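Okay, here's what each chain looks like letter by letter:
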Amino acid sequence: MKKLILIFVVIGFTLLAPSPVAADALADTVSPQVLCLPGVYLDTPVSCAVLGPSAYFTERAATNAEIALQDRRFIQIDESLGDSPYHYLQVHEENVKVYYSLEDAAEKVNPANTLPKGYTFISYTNVTSYQGKNYYQLPDGRWLRSGSVADLATPNRFLGVLPVTQPTRKFGWVLADIETQEEPGYGAKQTGHSFNRYDFIEVFDEVKIGESYFYMIAPDEWVHMTLLALVYPAESPPEGIWVDRWIEINLHEQTISAYDGGRLVFATLITTGSNRNFTRPGIFQIYEKLPITHMAGSSGEDDAYFLMDIPWTMYFDESRAFHAEYWHDHLGYKSSHGCVNLSFPDANWLFEWAGNGEWVYVWDPSGRTPTDPNLFDPGG
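Residues numbered from 1 in each chain as written. Predicted model: local features only at pLDDT ≥ 70, side-chain atom pairs only at ≥ 80, totals over all residues. Heavy atoms only, no water.

**Considerations on the overall build of the protein chain**
Then, number 1: On a plain count of helices and strands, the protein chain comes out with five helices and 27 strands.
Then, number 2: Every one of the 380 residues in the protein chain was classed for burial, and the buried ones make up 45%.
Then, number 3: Considering only intrachain contacts with a sequence separation of at least 6, the fraction spanning at least 24 residues in the protein chain is 62%. (Helix = DSSP H or I, 4+ residues; strand = E, 2+ residues; numbered from the N terminus. Buried < 20%, exposed > 50% of the residue type's maximum accessible area, 1.4 Å probe, protein only. Contact = heavy atoms within 4.5 Å.)

**Quick notes on the sheet that holds strand β11 (residues 171–174)**
Then, number 1: The three strands lie next to each other as β14-β11-β18, forming an open sheet whose pairing is antiparallel. One side of each edge strand has no neighbouring strand; the edge strands of this open sheet are β14 (200–202) and β18 (228–231). Strand-to-strand, the axes of this sheet are offset by a mean angle of 30°, without reference to chain direction.
Then, number 2: Of the strand pairs in this sheet, β11 and β18 are connected by four bridges, and their pairing is antiparallel. Looking at β18, one finds that tryptophan 173 is bridged to alanine 229. (Pairing = 2+ DSSP bridges. Axes fitted to C-alpha atoms, helices over the stretch in contact; angles between N-to-C directions.)

**Quick notes on the nonpolar core**
Nonpolar side chains in soluble globular proteins generally cluster together in the buried interior.
Then, number 1: Core analysis: the largest hydrophobic core is formed by 42 residues, its most contacted members being Ile249, Phe322 and Leu350.
Then, number 2: Put simply, the parts of the chain that give this core at least two residues each are β19 (246–250), β20 (255–260), β21 (263–269), β24 (304–317), β25 (320–324), β26 (340–342), α5 (344–353) and β27 (359–363).
Then, number 3: In terms of residue count, the dominant contributor to this core is β24 (seven residues).
Then, number 4: Ignoring sequence-local partners within four residues, the contact set of phenylalanine 322 consists of Ile247, Ile249, Ile256, Ile286, Trp312, Thr313, Met314, Phe316, Val340, Leu342, Leu350 and Val360.
Then, number 5: Among the nonpolar cores identified, the runner-up in size contains 18 residues, and Phe74, Ala229, Tyr259 and Leu331 belong to it. (Core = buried A, V, L, I, M, F, W, Y, C linked by side-chain atoms within 4.5 Å.)

**Here we look at the pairing of β24**
Then, number 1: Across the 14 residues of β24, 13 count as buried, placing the element largely inside the fold.
Then, number 2: With three bridges joining them, strand β5 (residues 119–124) and β24 adopt parallel strand pairing. Bridge assignment links tyrosine 119 to a residue of β24, and that residue is tyrosine 305.
Then, number 3: For β24 and β25, the ladder comprises three bridges, and the chain directions are antiparallel. Across the sheet, aspartate 317 pairs through a bridge with arginine 320, a residue of β25.
Then, number 4: Counting the residues that bridge the hairpin from β24 to β25 gives two residues, and of these glutamate 318 lies at a positive phi of roughly 55°.

**Remarks on the side chain of serine 148**
Then, number 1: Topologically, serine 148 is positioned in the loop between β8 (143–145) and β9 (149–153).
Then, number 2: Given the relative accessible area of 10%, serine 148 is considered buried.

**With respect to the pattern of salt bridges**
Then, number 1: Taken as a whole and judged by the stated rule, the model has twelve salt bridges.
Then, number 2: Where glutamate 318 meets arginine 280, a salt bridge forms, and the shortest distance between an N and an O atom there is 3.1 Å. Here the residue glutamate 318 occupies a position in the loop between β24 and β25, and arginine 280 occupies one in the loop between β21 and β22 (282–285), the gap between them amounting to 38 residues.
Then, number 3: Each of the salt bridges in this network shares a partner with another, and the network as a whole consists of Arg280, Asp317, Glu318 and Arg320. (Salt bridge = Lys/Arg side-chain N within 4 Å of Asp/Glu carboxyl O.)

**Quick notes on the packing of aromatic side chains**
Then, number 1: Counted according to the given criterion, the structure contains 25 aromatic pairs.
Then, number 2: Centre to centre, the rings of phenylalanine 74 and phenylalanine 200 are 4.9 Å apart; their planes meet at 55°, and the pair counts as tilted. One end of the pair, phenylalanine 74, is in strand β1 (residues 74–76); the other, phenylalanine 200, is in strand β14, with 126 residues separating them in the sequence.
Then, number 3: The interplanar angle of 10° and the centroid separation of 6.1 Å between the aromatic rings of tyrosine 213 and tyrosine 215 together place this pair among those described as stacked.
Then, number 4: Among the aromatic side chains, those forming a connected cluster through ring pairs are Tyr88, Tyr119, Phe121, Trp312, Tyr326, Trp327 and Phe344.
Then, number 5: Across the ring face of phenylalanine 351, the terminal group of lysine 289 is positioned such that the distance to the ring centre comes to 4.3 Å. (Phe/Tyr/Trp six-rings, centres within 6.5 Å; stacked < 30°, edge-to-face > 60°. Lys NZ or Arg CZ within 6 Å of the ring centre and 35° of its normal.)

**Considering the side chain of aspartate 317**
Then, number 1: Tracing the sequence through the fold places aspartate 317 in strand β24.
Then, number 2: Among the polar contacts listed, one links the side chain of aspartate 317 to the side chain of arginine 280, at a separation of 2.5 Å.
Then, number 3: Among residues more than four places away in sequence, those in contact with aspartate 317 are Arg280, Phe284, Tyr287 and Pro378. (Polar contact = N/O pair within 3.5 Å; in protein donor to acceptor, adjacent residues only side chain to side chain.)

**Some details on the environment of valine 96**
Then, number 1: Secondary-structure assignment places valine 96 in the loop between β2 (87–91) and β3 (97–99).
Then, number 2: Linking valine 96 and serine 148, residues 52 residues apart in sequence, is a C-alpha distance of 6.5 Å.
Then, number 3: Look past the residues within four positions of valine 96 in its chain and what remains in contact with it is Val91, Asn113, Thr114, Leu115, Leu144 and Ser148.

**Quick notes on α5**
Then, number 1: Here α5 lies mainly inside the structure; nine of its ten residues are buried.
Then, number 2: What α5 keeps buried is the set Phe344, Pro345, Asp346, Ala347, Asn348, Trp349, Leu350, Phe351 and Trp353.

**Description of the confidence of the model for the protein chain**
Then, number 1: Of all residues in the protein chain, 83% attain a pLDDT of 70 or more, and the chain-wide mean is 87.
Then, number 2: Of the regions scoring below 50 in pLDDT, residues 1–32 engages in 21 contacts with residues more than four places distant in sequence or in other chains. (pLDDT = per-residue confidence, 0-100.)

**Some points on unusual backbone geometry**
Most peptide bonds adopt trans geometry, and most residues besides glycine take a negative phi value.
Then, number 1: Unlike most non-glycine residues, asparagine 95 shows phi in positive territory, near 55°.
Then, number 2: Mapped onto the secondary structure, asparagine 95 falls in the loop between β2 and β3.
Then, number 3: For asparagine 95, a relative accessible area of 46% corresponds to the partly exposed category.
Then, number 4: Positive phi is not limited to glycine here, since aspartate 309 has a value of about 50°.
Then, number 5: Here aspartate 309 lies in strand β24.

Okay, here's the thing in structure tokens:
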């Protein structure tokens, strides 16, 4: 009797268990004409169609797997590339004098010269306490009193990435501390999960709503396009460049990428010219490389600047150049006088990789940057 009951139970469970559902609508595309049971199908099955809940679970699992493998597809550049013998200070007074000796600086006699007015930063290699006050020694041996300087300027140590294989999707960085939302669109419910400025992300899906894009950067986690700075991997050289090695500057996204052999080998965040001092779109070539240099200029009486000992500078369009920056943390946003600012490690990497004559492609996919050459001064 117990055996008979057990047989009935087994038969009953079999009859009640989920089974593939007929799908007449798939008659022309799927054979046999059935839907897969809800579950994860990382390998496409041949006996059923992965639709509905199965498609959702599979896509989510695949995205999680892709995120887990991110470190294998991208590696950060070596942080030690940002090491420099220089330290930096901002000068916040006018008519600041520097002196040939420590003693002259203490007595304020026999000045060597006066520093320029405006937005001024100096470099130093040594700081000494003398008669109860600090004095900073410049790389050329001159001295500056501590009362003439403001806060220390800290070089940006942000690290770009080296793709291990050719990327197949957009990727980039988060521009501000944000909380993601559950779906694309304005006013969508937030997830409670946050990303921080400079977090590296990949784009797994995108939806255009009006004139804006929303990007999925994790399973069911979406952000508005203005919160990200993205790299668009290129499959071929841009029009006008006939070699398979070039540098690409995306003015809209504020990112840069380098290609060698037609493959993307480096990418990072940058700061380009502000809307008063555009970085000019076009095709250029690096024509001068300087391991260290000073920069000075002005786009008006109230916009003068003097920056000492900027490392890893490469000029490509008149006075516009790639170079390291130590006076701001605006990576991912426009704010320069036309140059392309990079972090210390990134600037060093690019300086070592690129040579004179290297092709540079500057473009703005949004079309908002003017292209008329008559609207541009030499830059700087």
